[in-house]
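Working through the structure, step by step
Single-letter residue listing:
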Amino acid sequence: MGVDKRNILMQKLDHERVIYWTACACITFCTLYTIYWLRNQFFIARRGKYVLITGCDTGFGNKLARALDKQECHVFAMCFTEDGMQKLNADTSERLHCIQLDVRKHDSVLKAYDEVKRILPAHKGLWGLVNNAGITGLVGMYDWWTKEELQNVFDVHLLGAIDVTNTFLPLVKKAKGRVVNMCSSLGINPIPSGGYGIAKLGLMAFSDGLRITLKKHGVSIHIIEPGYFRTFVADAKRNILPSMKKAWDRLSTEEKDAYGPDYVEEYSNKVEDAMKLLCSPRLHYVTDDIQHALFARWPYNRYAPGIDAKLVWQPLQYFPSFITDKLFETFNPIPKCAKE
């Protein structure tokens, strides 16, 4: 009888311990989340700040430029085309200045720098520099690319971003401001992307090194690694699939035979289905994170906007390579030569 009472008492104590530690875990989680939430609510004054954004014709850059203009920031919106400049100028205030810029050409960067310096008040610097300009480039297998096509992608996403940063850095240092570089989840995952992922990985390395060297100058560097969003760069029908077909059409007969006649169609269908599934229309996830990087009292070094970025692409980089290799292999069709 005494043994039964002891067992009942031990079970009761074990039950109470479970409740106690569960309550402790819940309280700890709620406390940490509250601290995290409160930390994100403190911002510096953004009114009157000068911010330069590249790639403002469409997409993230265009949306960000309009948002900052409404918040009474002075925006230097760098556009690649005159049409992009006209559309942006049509419904924004006099605080937004559109300047034509081709980040691939150093002369164009210098010309934009002179224009920015002419408009900036003598005692002001650039609080924010957002390297957002981007193109898709060729999409397809790695051996489909030419050196010229790779160079074009590198010139925009990597070398162009470095050139713009180095050119405008004296103005950023003057304001002890912030540099925000648009990278990508493709930079940390082995998906064939026409040099896009390679260039973005290079930009991450540049950003990490720059953050360390500029910290003592009072300048901070921030990386944005978004998942898939519904922009022109990720538009399957208008951009990705035509690019893929162009690369396929120029392959030799021998190369096409190795892949098989149905390979490109099967691959195109998979890409189109993936874009429909993954691409989010909520561009504000990205622009909100950029604004946090620019104006938060305590900004993060890295941001991963998008549910797919947080739940898929970011965790995958910590998996063993044999797992990620097998996962991404299933996405690519099996070529004819591997079936024989």
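Please refer to the structure higher up on the page.
In short, a report on the structure. (Residues numbered from 1 in each chain as written. Predicted model: local features only at pLDDT ≥ 70, side-chain atom pairs only at ≥ 80, totals over all residues. Heavy atoms only, no water.)

1. As for the overall build of the protein chain
When its secondary structure is counted, the protein chain shows 13 helices and seven strands. Reported as C-alpha extents along the three principal axes, the dimensions of the protein chain are approximately 95 × 70 × 35 Å. Across the 340 residues that make up the protein chain, the buried fraction comes to 47%. Of the contacts made within the protein chain by residues no fewer than 6 positions apart, 72% connect residues no fewer than 24 positions apart. Here the protein chain displays about 18600 Å² of accessible surface, and carbon together with sulfur accounts for 60% of that area. Charged side chains of the protein chain number 44 positive and 37 negative; the gap between the two group centres comes to 10 Å. (Helix = DSSP H or I, 4+ residues; strand = E, 2+ residues; numbered from the N terminus. Buried < 20%, exposed > 50% of the residue type's maximum accessible area, 1.4 Å probe, protein only. Contact = heavy atoms within 4.5 Å. Areas by Shrake-Rupley, 256 points an atom, 1.4 Å probe, with all protein chains shown as cover. Lys, Arg positive; Asp, Glu negative; His and termini not counted. Charge placed at Lys NZ, Arg CZ, Asp CG, Glu CD.)

2. Things to note about the nonpolar core
One finds Leu52, Phe76, Met78, Val116, Leu126 and Phe168 to be the most contacted residues of the largest nonpolar core, which totals 36 residues. Only strand E1 (50–54), strand E2 (74–79), helix H4 (106–119), helix H5 (147–175), helix H6 (196–214) and strand E6 (220–224) provide two or more residues apiece to this core. The element contributing the most residues to this core is H5, with nine residues. In contact with Phe168, not counting residues within four places along its chain, are Leu52, Val109, Ala112, Tyr113, Val116, Leu126 and Leu129. Among the nonpolar cores identified, the runner-up in size contains 29 residues, and Val51, Phe60, Ala77 and Leu88 belong to it. (Core = buried A, V, L, I, M, F, W, Y, C linked by side-chain atoms within 4.5 Å.)

3. Some details on the sheet that holds strand E7 (residues 302–303)
Taken in spatial order, the seven strands make up an open sheet running E3-E2-E1-E4-E5-E6-E7, and their pairing is parallel. Edge positions in the open sheet fall to strand E3 (96–100) and E7, since each of these has one partner strand only. Across three bridges, the pairing between E1 and strand E4 (residues 128–131) is parallel. In the strand pairing of E4, Val51 is matched with Gly128. Relative to E3, H4 is tilted by about 155°, and along the sheet it contacts E1, E2 and E3. (Pairing = 2+ DSSP bridges. Axes fitted to C-alpha atoms, helices over the stretch in contact; angles between N-to-C directions.)

4. Thoughts on the environment of Gln151
Tracing the chain through its elements places Gln151 in helix H5. We classify Gln151 as partly exposed; its relative accessible area is 34%. Through-space distance from the C-alpha of Gln151 to that of Gly137 is 9.8 Å; in sequence the pair is 14 residues apart.

5. Regarding the state of the cysteines
Taken as a whole and assessed by the stated rule, the structure comprises zero disulfides. For the unlinked cysteine Cys98, the closest cysteine sulfur is that of Cys79, found at 4.5 Å. Here Cys183 is not cross-linked by a disulfide; its sulfur's nearest cysteine counterpart is in Cys56, at 17 Å. In this structure Cys183 comes out as buried when scored by relative accessible area, which is 1%. (Disulfide = S-S within 2.5 Å.)

6. Here we look at the packing of aromatic side chains
Aromatic ring pairs are defined here through the distance separating the ring centres and the angle between the ring planes. Inspection of the entire model under this criterion finds 15 aromatic pairs. With a centroid separation of 4.8 Å and 50° between ring planes, the pair formed by Tyr259 and Tyr263 is classed as tilted. Judged by its relative accessible area of 4%, Tyr263 falls in the buried class. By the ring-pair criterion, three or more aromatic residues cluster together here, those being Trp144, Trp248, Tyr259, Tyr263 and Tyr267. Its guanidinium or amino end placed over the ring of Trp127, Lys49 lies 5.3 Å from that ring's centre, counting from NZ or CZ. (Phe/Tyr/Trp six-rings, centres within 6.5 Å; stacked < 30°, edge-to-face > 60°. Lys NZ or Arg CZ within 6 Å of the ring centre and 35° of its normal.)

7. Details of the pairing of strand E5 (residues 178–182)
Burial runs high along E5: five of the five residues are buried. Burial along E5 is two-sided: the face carrying Arg178, Val180 and Met182 and the face carrying Val179 and Asn181 are both buried. Here E4 pairs with E5 via four bridges, running parallel. By the bridge assignment for E5, Asn131 is matched with Asn181. For the handedness criterion, the β-α-β arrangement of E4, H5 and E5 is classed as right-handed. Note: E5 against E6, five bridges, orientation parallel. Bridge assignment links Met182 to a residue of E6, and that residue is Ile224. (Right-handed = clockwise from strand over helix to strand, strands pointing away.)

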